[in-house]
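# Geometric and topological summary
One letter stands for each residue in the lines below.
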Amino acid sequence: MTEPTEPTASFRIEPPAESNRDAESTDDLATERFQRTIDACRDDGGGTVTVSSGEYVLGTVHLRSDVTLRLEAGARLRPAESESAYVDRHVGPDGERPFVLAEGVENVAVVGEGTIDGRGTEIMDTDEPIRQHSGESEGHPLVSNAPHRARQGDDYLDWSGAIDEWPVAKPSFRPGPMIHLVDCEGVSIRDITLRDMPAWTLSLDDCVDVDIRGVTIRNHMRIPNCDGIAIGNSRNVRVADCAIEACDDAITLVSHDDRKRPCEHVTVTNCTLASSACAIKFGSETGGDIRHCTFDNCVVYGSNRGLGIQHRDGGLIEHVLFSNITVETHLLPGPWWGKAEPIYVTSVPRDDDTDLGAVRDVRFANVVADAENGALLYGHADATLEEIRLDAVSLSIEGGRYADRVGGNVDLQPTAVTAPIYESDISGLHCERVTDLALSDVALKWGDELPDYFAHGIRCVDVERLAIDGFAGRQARPEATASTAGTAETGSVTTAAAISLRGTTTSTIRNCRASPGTRTFLSARDCDDDRLFANNDCTAAETPIDGDCGYRTAGNVPPL
């Protein structure tokens, strides 16, 4: 039996005699020369096309099977500004068109030490704030699908004097994604640098067996839609050793119900991530299934949201593990998606016609977070949100410099079945409409001079089968009650507690410790089938338990 031969052809692209840096007519671009060379390599049985050091301005370039595009150090590819330089397929929601495109190919790679420079700050309207987002109303840019009910009222969308903090406006045309892979198998993206994208950076759609390694993405932090790596309906995807800074999600997983396959078997490891949206996000396109995904040994910094699941459609998200991750989140002023939540899992219908799928078996283990908001686990009344685990999670929460401008709100964007932004008291960890919730070794610390909207340590509303084992913490302020504004959930002022339960069923609380300054350790209302309150150290609490509880108590200090 004859062994298959590896592609061995070798071609080289040299820079033009005169730089085409400012070339704008299609005739002056390097597109045709690139395409001719790539096609010749394919026709010769495959191999490597090496791009020499220099600058090249291009329109859409198609990758071919068995061809590696290698960018030498000093090689820089830049997209043409003219829409006519691009194909009219795979057009984005605002008319975007792909730069480097691969369709239905196998054994393809983009590697090397060169750079793809997206010219985002040249192409975008950087002197104007965003006017609308992918067809949404100009009256609530980025606040998608419905008007907001933010604590700040009309001031929430007041950008006067804040142009340096809002996302910037989109032009009539912009290229993107910079690398778009559709229905490909055997893909390798290694070591290259992608910077200043005007839209999506690296996008996978219906691909199998993808290796992304050692890639650096440095995007402008106010250009919308410049996601770092978007993984859609793809299988066996490995992302490792990457450094990503992006205005939009650094790494996002999505799944549509009209593709060949679900999004599954994705691993992300050893990455540093920063985002003005969410560092690692599932969704919001969740019409198809996403499953069997792990994220390990990563650092999230300078982000608007940390680890997020944004489930809005009929697909199933299951078997997801986040482990050994540090998170740093900050509030951003303006209409961004996200409110500095270090952990965010929400399942909400996109609109009134949505037949919402389920989210189940999601685990956060060994996560350390410094945040300017609490973590949120939230299921809509129509949601199935179950088997959620937090194990060895440490949260440290401060107020932040923009707390007055955007803080004290729950962010459920995108949705039209409820206000996408609404005023609420904020807990260190808020859990609502979750079934089978286990919180183990969760530690919560609060900063000084917190805004009034911070309230409970852990707040559980309508949770079935709850286990809290090894929590250490208290309410936000030693002397404070919940804010006088009340909450959308309670409708009235409530006394903040280290652990606040309302409408829970089958709950066990054990091996917990009240931090100094705790007023009420456990507050319980309208709860059923209380099981066990055991081995808890409530010495530092003024009131160990408040409410008509039916727990069996044992081993507590002081004895109950």
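Report on the accompanying structure. Remember, predicted model here, so these are calculated numbers, not experimental data. Along each chain, residue indices are assigned from 1 in the same order as the chain's sequence is written. The predicted origin of the model limits local features to residues at a pLDDT of at least 70 and limits the giving and counting of side-chain atom pairs to 80 or more, whereas totals for whole chains, interfaces and linings rest on all residues. Side-chain figures throughout are based on the complete set of non-hydrogen atoms in the structure, without hydrogens or water.

## What to know about the overall build of the protein
Going along the chain from the N terminus, every DSSP run of H or I of four or more residues is numbered as a helix, and every run of E of two or more is numbered as a strand. Along its length, the protein carries three helices and 45 strands. For this measure, only C-alpha atoms enter the radius of gyration; the expected value for a globule follows 2.2 Å times N^0.38, where N is the number of residues. By the compact-globule yardstick of 24 Å for 560 residues, the protein fits well, its C-alpha radius of gyration being 25 Å. Reported as C-alpha extents along the three principal axes, the dimensions of the protein are approximately 85 × 65 × 40 Å. The buried share among the 560 residues of the protein stands at 60%. Throughout, a residue-residue contact means that at least one pair of heavy atoms, one from each residue, lies within 4.5 Å. Contacts in the protein between residues far apart in sequence, at least 24 positions, make up 75% of those at least 6 positions apart. Using the Shrake-Rupley algorithm and a 1.4 Å probe, accessible areas are obtained, with residue cover drawn only from the displayed protein chains. When the accessible surface of the protein is totalled, it reaches about 20800 Å², and 42% of it is carbon and sulfur. Here the protein contributes 51 positive and 93 negative side-chain charges, whose respective centroids are spaced 2 Å apart. In this scheme, a residue with accessible area under 20% of its type's maximum is buried, one over 50% is exposed, and one in between is partly exposed, where area comes from a 1.4 Å probe on protein chains only. The convention is simple: Lys and Arg are positive, Asp and Glu are negative, and His and the chain ends are not counted. One atom stands in for each charge, and that atom is NZ of Lys, CZ of Arg, CG of Asp or CD of Glu.

## A short note on helix α1 (residues 31-43)
For an α-helix, 3.6 residues make a turn, and residues three or four places apart therefore share a direction. By this rule, a helix spans an expected 1.5 Å times one less than how many residues it contains. Taking 1.5 Å as the rise per residue, α1 with 13 residues should run 18 Å; its terminal C-alpha atoms sit 18 Å apart, in good agreement. All of the buried residues in α1 are Thr31, Phe34, Gln35, Thr37, Ile38, Asp39 and Cys41. The inward-facing, buried residues of α1 contact β1 (9-13), β2 (47-51), β3 (54-58), β4 (61-62), β5 (67-71) and β6 (75-79). Where α1 ends, the next residue or the one after it, Gly45, has phi of about 100 degrees, a positive value.

## Some remarks on the packing of aromatic side chains
When two rings of Phe, Tyr or Trp (its six-membered ring) have centres within 6.5 Å they constitute a pair, described as stacked for plane angles under 30 degrees, edge-to-face for angles over 60, and tilted for the intermediate range. Applying the stated rule across the entire model yields 10 aromatic pairs. Between Phe34 and Tyr56 the ring centres are 5.3 Å apart and the planes differ by 75 degrees, which places this aromatic pair in the edge-to-face class. Placement of the pair is Phe34 in helix α1 and Tyr56 in strand β3, with a sequence separation of 22 residues. Among the residues examined, Phe34 registers a relative accessible area of 1% and is labelled buried.

## So, the environment of Ile189
Positionally, Ile189 belongs in strand β13 (residues 185-190). In the structure, Ile189 is positioned 50 residues away from Val239 in sequence and 9.5 Å away in space, judged by C-alpha atoms.

## As for the side chain of Ser275
The topology assignment puts Ser275 in strand β23 (residues 272-275). On the basis of relative accessible area, Ser275 is assigned to the buried category, the value being 0%. Those residues within four positions of Ser275 in sequence are excluded, and the remaining contacts are Met221, Ala246, Cys247, Asp248, Asp249, Ala250, Tyr301, Gly302, Ser303 and Asn304.

## Here's the deal with unusual backbone geometry
For residues other than glycine, phi is negative in most cases, and the peptide bonds are mostly trans. Gly176 connects to Pro177 through a cis peptide bond whose omega is 0 degrees. Of note, Pro177 is situated in the loop between β11 (168-169) and β12 (179-182). Residues Gly283 and Ser284 are joined by a peptide bond in cis, for which omega reads 5 degrees. Take Ser284: it is sitting in strand β24 (residues 280-286). One non-glycine residue with positive phi stands out, namely Asp441, at about 55 degrees. Overall, the relative accessible area of 46% leaves Asp441 in the partly exposed class. Of note, Asp526 is a non-glycine position whose phi angle comes to about 55 degrees, a positive value.

## So, the state of the cysteines
For the purposes of this analysis, a disulfide is any pair of cysteine sulfur atoms at a distance within 2.5 Å. Within the structure shown, the criterion is met by zero disulfides. No disulfide involves Cys184; its sulfur sits 4.6 Å from that of Cys207, the nearest cysteine. Sulfur of Cys263: no disulfide; nearest cysteine sulfur belongs to Cys293 and is 5.7 Å away. Judged by its relative accessible area of 0%, Cys263 is buried.

## Concerning a negative patch on the surface
A cluster of acidic residues, Glu328, Asp370, Glu398, Asp448 and Glu449, forms a negative patch at the surface. The residue Asp448 is located in the loop between β35 (435-446) and β36 (458-461) in this model. On the accessibility criterion, Asp448 (66% relative accessible area) is exposed. Patch construction takes residues with relative accessible area above 30% that form no salt bridge. Like charges are linked within 9 Å, and nonpolar side chains (Val, Leu, Ile, Met, Phe, Trp, Tyr) are linked within 5 Å. Within this document, salt bridges are pairs made up of a side-chain nitrogen of Lys or Arg and a carboxyl oxygen of Asp or Glu, the two lying within 4 Å of each other.

## Focus on the pattern of salt bridges
Where charged atoms of side chains with opposite charge meet at close range, the side chains can pair. Applying the stated criterion across every chain yields a total of 43 salt bridges. Across the pair Arg174 and Asp94 runs a salt bridge, and its minimum N-O distance is 3.9 Å. Of this pair, Arg174 sits in the loop between β11 and β12 while Asp94 sits in the loop between β6 and β7 (100-103), and the two are 80 residues apart along the sequence. Among the ionic pairs, Arg174 bridges to Glu96, the shortest N-O distance being 3.0 Å. Taken together, the positions of Arg174 in the loop between β11 and β12 and Glu96 in the loop between β6 and β7 put the pair 78 residues apart, joining distant regions of the chain. A single burial state applies to Arg174 and to Glu96, both of which are buried. Through salt bridges with shared partners, a single network forms among Glu55, Arg76, Arg78, Glu81, Asp117, Arg119, Glu122 and Arg195.

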